[in-house]
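What the coordinates show
Residues per chain, in single letters:
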Amino acid sequence: IEYLMDDNTLVRMLDMRIMRIYKSRIYKKRRAKEEVFRGLMIKIENSITMRNNILIEAKERYQKSLETFESVFDVYCTDINNATVVINESVKQELFGLYQEYGIMFEISIKNNNLYVRFYTGNMFEIDGKSLKGIKKKLCRDYYMFKDILTMINRINSILNRENII
């Protein structure tokens, strides 16, 4: 999926599945498969290159007991001042809220002129349910999750452009 944001920034998204294939220890002639990532990958290209890198990633799988941004996410950066501007209290609350609301892990990476986001959503664009009620529930949840993800990405991208951090 490709679309232009309000400021003409190009956004590309895809449903991605990454598998690791290795030799089985039990069955010498067979290969085993392990799913490493299944979810939504987003790439946003900005026009100006950022000199510093920022990585925000969830530490663990979803746990309802975690109560703060710091208990859920690790932040890595090459410039703490830029990271503090981008990941302000409002963005922290929005990221934590997204984690709490949908129970999904995600990573955000800002590097060069790109903003990458990886959401561990599973099969987002495939419907596995058999009942109409189950299908409607999944579609409704995915719609609001997708909308909230785009809102959050747009907010981070606006901060990057507004603060001339890029």
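Before reading on, note that the structure itself is shown above.
Owing to the predicted nature of the structure, the values given are computational and were not obtained by experimental measurement.

**What to know about the overall build of the protein chain**
A tally of helices and strands in the protein chain yields 4 helices and 7 strands. Sequence-ordered secondary structure for the protein chain, helices as α and strands as β, is β-β-β-β-α-β-α-α-β-β-α. Burial analysis of the protein chain (166 residues in total) assigns 36% to the buried set. Per element, the accessible surface of the protein chain, about 10600 Å² overall, is 49% carbon and sulfur.

**Regarding the environment of Phe106**
Examined against the element boundaries, Phe106 turns out to sit in strand E6 (residues 106–111). What Phe106 contacts, discounting residues up to four positions off in sequence, is Ile56, Glu57, Ala58, Phe73, Leu95, Leu98, Tyr99, Arg118, Phe119 and Tyr120.

**Notes on the packing of helix H3 (residues 89–102) against helix H4 (residues 132–162)**
Contact geometry for H3 and H4: axes closest at 11 Å, N-to-C directions at 165°. Between H3 and H4, the angle falls in the class roughly antiparallel. Both H3 and H4 take part in a crossing whose hand is left-handed. Along the contact surface, H3 presents Ser90, Val91, Glu94, Leu95, Leu98 and Tyr102, while H4 presents Arg141, Tyr144, Met145, Asp148, Ile149, Thr151, Met152, Arg155, Ile156 and Ile159.

**Quick word on the environment of Phe69**
Mapping Phe69 onto the fold places it in helix H1 (residues 69–72). Overall, Phe69 belongs to the buried group, its relative accessible area being 7%. Once the C-alpha coordinates of Phe69 and Gly97 are considered, the two residues, 28 residues apart in sequence, prove to be 9.0 Å apart. Excluding residues that lie within four positions of it along the chain, Phe69 makes contacts with Ile56, Val75, Ile87, Lys92, Leu95 and Phe96.

**A few points about the pattern of salt bridges**
Under the counting rule described, the total for this entry stands at 9 salt bridges. We note a salt bridge from Lys92 to Glu89, for which the minimum N-O separation is 3.5 Å. Of the two residues, Lys92 and Glu89 are both situated in helix H3; the distance of 3 residues between them amounts to about one turn of the helix. The exposure class of Glu89 is exposed, given its relative accessible area of 52%. The shortest N-O distance in the salt bridge between Asp142 and Arg141 comes to 3.7 Å. Overall, Asp142 belongs to the buried group, its relative accessible area being 9%. Here the salt bridges do not stand alone but share partners, grouping Glu2, Arg12, Lys43 and Glu45 into one network.

Definitions and limits used
- Residues numbered from 1 in each chain as written.
- Predicted model: local features only at pLDDT ≥ 70, side-chain atom pairs only at ≥ 80, totals over all residues.
- Heavy atoms only, no water.
- Helix = DSSP H or I, 4+ residues; strand = E, 2+ residues; numbered from the N terminus.
- Buried < 20%, exposed > 50% of the residue type's maximum accessible area, 1.4 Å probe, protein only.
- Areas by Shrake-Rupley, 256 points an atom, 1.4 Å probe, with all protein chains shown as cover.
- Contact = heavy atoms within 4.5 Å.
- Axes fitted to C-alpha atoms, helices over the stretch in contact; angles between N-to-C directions.
- Parallel < 35°, antiparallel > 145°, perpendicular 65-115°, else oblique.
- Left-handed = near helix turned anticlockwise from the far one by under 90°.
- Salt bridge = Lys/Arg side-chain N within 4 Å of Asp/Glu carboxyl O.

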